[in-house]
Amino acid sequence: MSSTELTLDLRDIHFAMREWLQLGQLGESEKYADFDQDTIEMMVQEGIRFGIEVVFPTRAESDREGCHIEDGRVKVPECMHKPYQQAYELGWASVSASQEYGGMGAPASIGLIVNEALNGANLGLGMFFGLTSGAAELIGSFGSAMLKEKYITKMFKGQYTGTMCLSEPQAGSDVGAGTTSAESVGEGIYKIKGTKCWISSGDNNLGENVIHAVLARVKGDTEGTKGLSLFVVPHTRVNDDGSLGEWNDVSVASIENKMGIHSSPTAVLNFGDNDDCLGWILGNEGQGIAAMFQMMNGARIFTGLIGLSLGGAAYENAKTYAHERIQGTNISNKRELDSQRVSIVEHPAVRLNLINMKARVEAMRALLYYTALQFDLETIAKSDEEKLEKQNMINMLTPMCKGWCTEIGLEVIQNGIQVLGGVGYTKDFPLEQLYRDARISTIYEGTTDIQALDLIGRKMLRNEGALFQQLMQHFSQLITEHKDHPELGSLLNTFEGYCESLYETSVSSQEIMNTRGMKALALYATPFLMFISSVTAGWLLLQQAMVASEELEKIRETEGADNLDKSGLLEENEDALFYANKIKTTRYFVEAIIPQFNALLEGGKKQNFDALDITF
Ligand SMILES: Cc1cc2nc3c(=O)[nH]c(=O)nc-3n(C[C@H](O)[C@H](O)[C@H](O)COP(=O)(O)OP(=O)(O)OC[C@H]3O[C@@H](n4cnc5c(N)ncnc54)[C@H](O)[C@@H]3O)c2cc1C
């Protein structure tokens, strides 16, 4: 293992899948009957291997080469073509796609875990898979039989790629300001006209055709998001027999010269310059934003995954480097001139960076895997009540996955660059690229601030706070069940303090709303998102620590080791070491990391609204 390779924490991944979430239980349902524990584990192992062996070698090369335009069409780096084809042939690009359309039909949680590896291996390539699946799923949910027949299988097989076209120069966060227009020519077909910008995978030579999911306003429809409709707009029209027909008047005006994700072409697209661009409506007029939200919810989880994939890769690189790099002496014997030089992993400051990275990575993994499982449980729910409960959970957790994990992922990579010192800043090591690539994740799919507004405005206030209450009840349940736990009871006590703080914040938010209005409430929306997400991740890590504690106890009993540290068990038994580390990581997260996010709310607690009045 070297500090320039891609490695994933397979032990933590398996622990989460098997021992904590017990994903094999999904195999008991009719829908996922083919996916028992062994099958799931084998799939994940092979998917990760594909990411490391086939995709990862393209990461630095495709970053160096980048995309370019030739004769009006985008060319992606040559090294991406083979892995792209193989990913579709072997099924890794469409793990969770329905078998009806040629996918593996695996649970969403398994798709997410495989994508943890693919994104870490080359985010630009992973984005092609994610966007294409998302656009194909939209057609699957809202398209006519003809559209499904024409496009979906070809998209899930990689023959056609997909995009998501919301942004326009004047409509970024404010999607409702879009002016791209649609005029009916009958039978669900419209003439599309306008410019979309920032379109990821907007054009390319990986597939034969590009299928755009485009938001546009039917002429005469209302302003704002309510007046938007959704259309399938192919770059090249597809004939009824499935062959490619005429060009559909979609042109690439330019591609962006960006900080990172150089292997992902970000295009400005013109639709209908010659008044000959046709779009086929998905669903009904005016339902575009609701339909697009289906894609965006999944896309937001997958954007959150960037934090884990790239942050996780950075942690593994930094950990390995910290063992390899010899520098300085042990701080305890500094004055002795002949002291032996040590690996930097021996220095307390480096250890603090590493535990901050490790704890954040495991917290992101817990939050994302748990959320992905809620999607699966919702799909196989046996009653309306159960379905609603899972939907509520997904609604609350989605802005946390997107907002928190992307911010945290960047912090982790930044810590990693620091652990490497000067070489971390060079292209000889992967961290500078990981940082540049990950930097977009807090911006696209709705910035962190927009996620925070979604959380406090749409999710927290919905049904008089019912979703928030549901989450708080889960926290209380864990506390009640385990507060007398001999090893972790005091940690639950600390955790209970954060829950109280959350509750108090929600009560004072109401007061702020009543006295100072929405602007004052919105001022601390992002700090609130960061705090509640860290508490939620803490809740999940505590669940993991409970499992680890039980398993460790079993090993202790079997091995007859009363005193863990003195028994030598941790050196001899890898499982015992993993469980003991899981407990330490959780303790650090709860005692030292959650308070960092709580502190972000200090201004709000002191009712400091200066930012609203100050002159900039
Ligand atoms: C590399 C890349 C790839 C992209 N891929 C796609 C894609 O595939 N499809 C697509 O449609 N778009 C895509 N985008 C566009 C992306 O979604 C937008 O950049 C993003 O939504 C922000 O919009 P904006 O850039 O116009 O910033 P603005 O909306 O102008 O925001 C600027 C700042 O103001 C803040 N802000 C704006 N409004 C509010 C508000 N109401 N409350 C609080 N803060 C606010 C934002 O948080 C941000 O900090 C991509 C962008 C990039 C850079």
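As a reminder, the structure under discussion sits directly above these lines.
The structure presented is a predicted model; accordingly, all values stated were derived computationally and were not measured.

A. Representation of the overall build of the chain. When helices and strands are tallied, the chain shows 21 helices and 14 strands. For 616 residues, the compact-globule estimate of 2.2 N^0.38 gives 25 Å, and the C-alpha radius of gyration of the chain, at 25 Å, lies within 12% of that figure. Taken over 616 residues, the chain has a buried fraction of 58%. Contacts in the chain between residues far apart in sequence, at least 24 positions, make up 74% of those at least 6 positions apart. Computed over 52 positive and 83 negative side-chain charges, the inter-centroid distance for the chain is 4 Å.

B. A look at the pairing of strand β7 (residues 228-234). Taking burial as the measure, the 7 residues of β7 include 7 buried ones, the bulk of the element. Covered by surrounding structure in β7 are Leu228, Leu230, Val232 and Pro234 together with Ser229, Phe231 and Val233, the residues of both alternating faces. Examined bridge by bridge, strand β6 (residues 209-218) and β7 share 7 bridges and lie antiparallel to one another. Counterpart to Ala213 in the pairing with β7 is Val232. The sheet contact formed by β7 and strand β12 (residues 278-282) spans 3 bridges and is antiparallel. Residue pairing for β12: Phe231 is matched across the bridge by Ile281.

C. Just the site of the ligand, in detail. Around the ligand sit 20 residues in total, of which Met164, Ser167, Ser173, Trp198 and Thr447 are the nearest. One nitrogen or oxygen atom from the side chain of Ser173 is found 2.6 Å from an oxygen atom belonging to the ligand. At 2.7 Å, a side-chain N or O of Thr447 approaches an oxygen atom of the ligand. Contact with the protein chains covers 64% of the free accessible surface of the ligand, which is 960 Å². Each of domain 2 (161-286) and domain 3 (448-616) accounts for three or more of the residues forming the shell around the ligand.

D. Expanded view of the environment of Ile326. Structurally, Ile326 is set in strand β13 (residues 326-329). Ile326 sits 264 residues away from Val590 along the chain, and the two C-alpha atoms are 32 Å apart. In this structure, Ile326 is in contact with Arg341, Val342 and Ser343, ignoring residues within four places of it in sequence.

E. Highlighting the packing of helix α1 (residues 10-20) against helix α9 (residues 348-379). In the contact formed by α1 and α9, the axes pass within 11 Å of each other and the chain directions differ by 40°. What the angle tells us is that α1 and α9 run oblique. Considering the relative orientation of α1 and α9, their crossing is right-handed. On α9, the residues that touch Asp12, Ile13, Ala16 and Trp20 of α1 are Glu362, Arg365, Ala366, Tyr369 and Tyr370. For the contact of α1 with α9, a count of residues per class yields 6 nonpolar, no polar and 3 charged.

F. Region of interest: the nonpolar core. Counting residues in hydrophobic clusters, the biggest one holds 166 residues, and the most contacted among them are Trp404 and Ile532. With near-sequence residues (within four places) excluded, Ile532 lies in contact with Met396, Met400, Leu455, Met460, Phe468, Leu471 and Leu502. Ranked by size, the runner-up nonpolar core spans 32 residues in total, among them Met155, Tyr160, Ile211 and Leu215.

G. Representation of the packing of helix α5 (residues 108-121) against helix α6 (residues 123-142). At a minimum axis distance of 6 Å, the contact between α5 and α6 shows a crossing angle of 135°. Relative to α6, α5 is oriented oblique. In this structure, α5 contributes Leu118, Asn119 and Ala121 to the contact, and α6 contributes Leu123, Gly126 and Phe129. Residues of the contact of α5 with α6, tallied by class, amount to 4 nonpolar, 2 polar and no charged.

Definitions and limits used
Residues numbered from 1 in each chain as written. Predicted model: local features only at pLDDT ≥ 70, side-chain atom pairs only at ≥ 80, totals over all residues. Heavy atoms only, no water. Helix = DSSP H or I, 4+ residues; strand = E, 2+ residues; numbered from the N terminus. Rg over C-alpha atoms; globule rule 2.2 N^0.38 Å. Buried < 20%, exposed > 50% of the residue type's maximum accessible area, 1.4 Å probe, protein only. Contact = heavy atoms within 4.5 Å. Lys, Arg positive; Asp, Glu negative; His and termini not counted. Charge placed at Lys NZ, Arg CZ, Asp CG, Glu CD. Pairing = 2+ DSSP bridges. Near = heavy atom within 4 Å. Polar contact = N/O pair within 3.5 Å; in protein donor to acceptor, adjacent residues only side chain to side chain. Areas by Shrake-Rupley, 256 points an atom, 1.4 Å probe, with all protein chains shown as cover. Domains from an automatic or database assignment. Axes fitted to C-alpha atoms, helices over the stretch in contact; angles between N-to-C directions. Parallel < 35°, antiparallel > 145°, perpendicular 65-115°, else oblique. Left-handed = near helix turned anticlockwise from the far one by under 90°. Nonpolar A, V, L, I, M, F, W, Y, C, P; charged D, E, K, R; others polar. Core = buried A, V, L, I, M, F, W, Y, C linked by side-chain atoms within 4.5 Å.

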